[in-house]
Amino acid sequence: MSVRALEVAVVGIVLATLAASGPAGLLDAPTHRPTALGDGTADAEISSLPADDLRIDRGRFGTGTWYLRVPEATVAVDAVEGTPQVLYRVQVPALDADAEARRLLGSGDGATVGLAPGDVGLGPDAPDGPVRARVTVAVQSFEAHRTVYDRNVTVEVAR
């Protein structure tokens, strides 16, 4: 096969894929994802929330910074109407630390949603001992706020 024939084949495949996945195409690609919080509701249930796995430890690679490590939460959502969001939040008032992850939902969505706030840098000094944290998961919109999970936990410092 010549280089020219290979180029024509690749361009043909790209054009065919674009045509098939377009608005009048054969493939069912999602055409609308919500971009802003609005009114709405959803049913939500915690599938996995390892709140006991919260921890504070040193940064890697000699950074000299301590981090609050926040594990991913998994939330099953169903019966979504409008554009609510699922919010997963971890607050550690003693360290002035706050980690959160949000996911907008659209009408008709129903799935398992993974929410990972990521680690929070705390600076060069570790707390002297364990600290208290509040872990919450909620479904919220302009018209409603419903807490699905609310728990106080102890966060250990890994030395």
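Residues numbered from 1 in each chain as written. Predicted model: local features only at pLDDT ≥ 70, side-chain atom pairs only at ≥ 80, totals over all residues. Heavy atoms only, no water.

A. Inspection of the confidence of the model for the protein chain at higher detail. Mean pLDDT over the protein chain works out to 83, with 85% of the residues at or above the 70 mark. The secondary-structure element of the protein chain with the lowest mean pLDDT is helix 1 (residues 3-21), recorded at 69, while strand 9 (residues 131-140) shows the highest, at 94. Overall, residues 27-32 carries pLDDT values under 50, and its contacts beyond four positions in sequence, including any with other chains, amount to 3 contacts. (pLDDT = per-residue confidence, 0-100. Helix = DSSP H or I, 4+ residues; strand = E, 2+ residues; numbered from the N terminus. Contact = heavy atoms within 4.5 Å.)

B. Fine view of the nonpolar core. Ranked by size, the top nonpolar core spans 33 residues in total, and within it Leu49, Leu54, Leu68, Tyr88, Val90, Val135 and Val155 carry the most contacts. When contributions to this core are tallied by element, the ones reaching two or more residues are strand 1 (40-48), strand 3 (66-69), strand 4 (73-82), strand 5 (85-92), strand 6 (97-104), strand 7 (111-115), strand 9 and strand 10 (145-157). Sorting elements by how many residues they give to this core places strand 9 first, with 5 residues. In contact with Val90, not counting residues within four places along its chain, are Leu54, Leu68, Val70, Ala97, Asp98, Ala99, Ala133, Arg134 and Val135. (Core = buried A, V, L, I, M, F, W, Y, C linked by side-chain atoms within 4.5 Å. Buried < 20%, exposed > 50% of the residue type's maximum accessible area, 1.4 Å probe, protein only.)

C. Layout of the pattern of salt bridges. Applying the stated rule across the entire model yields 8 salt bridges. Residue Asp57 pairs with Arg69 through a salt bridge whose shortest N-O separation is 2.6 Å. One end of the pair, Asp57, is in strand 2 (residues 55-58); the other, Arg69, is in strand 3, with 12 residues separating them in the sequence. A relative accessible area of 12% places Asp57 in the buried class. (Salt bridge = Lys/Arg side-chain N within 4 Å of Asp/Glu carboxyl O.)

D. The arrangement of the sheet that holds strand 9 in detail. The sheet built from 7 strands is open, its strands ordered 6-5-9-10-2-3-8 with mixed pairing. Where the open sheet ends on each side, the last strands, each with one partner, are strand 6 and strand 8 (120-123). The sheet shows a mean angle of 25° between the axes of neighbouring strands, direction not considered. Sheet topology places strand 9 next to strand 10; 10 bridges connect them, and they run antiparallel. Counted as the bridge partner of Val137 is Tyr149 from strand 10. (Pairing = 2+ DSSP bridges. Axes fitted to C-alpha atoms, helices over the stretch in contact; angles between N-to-C directions.)

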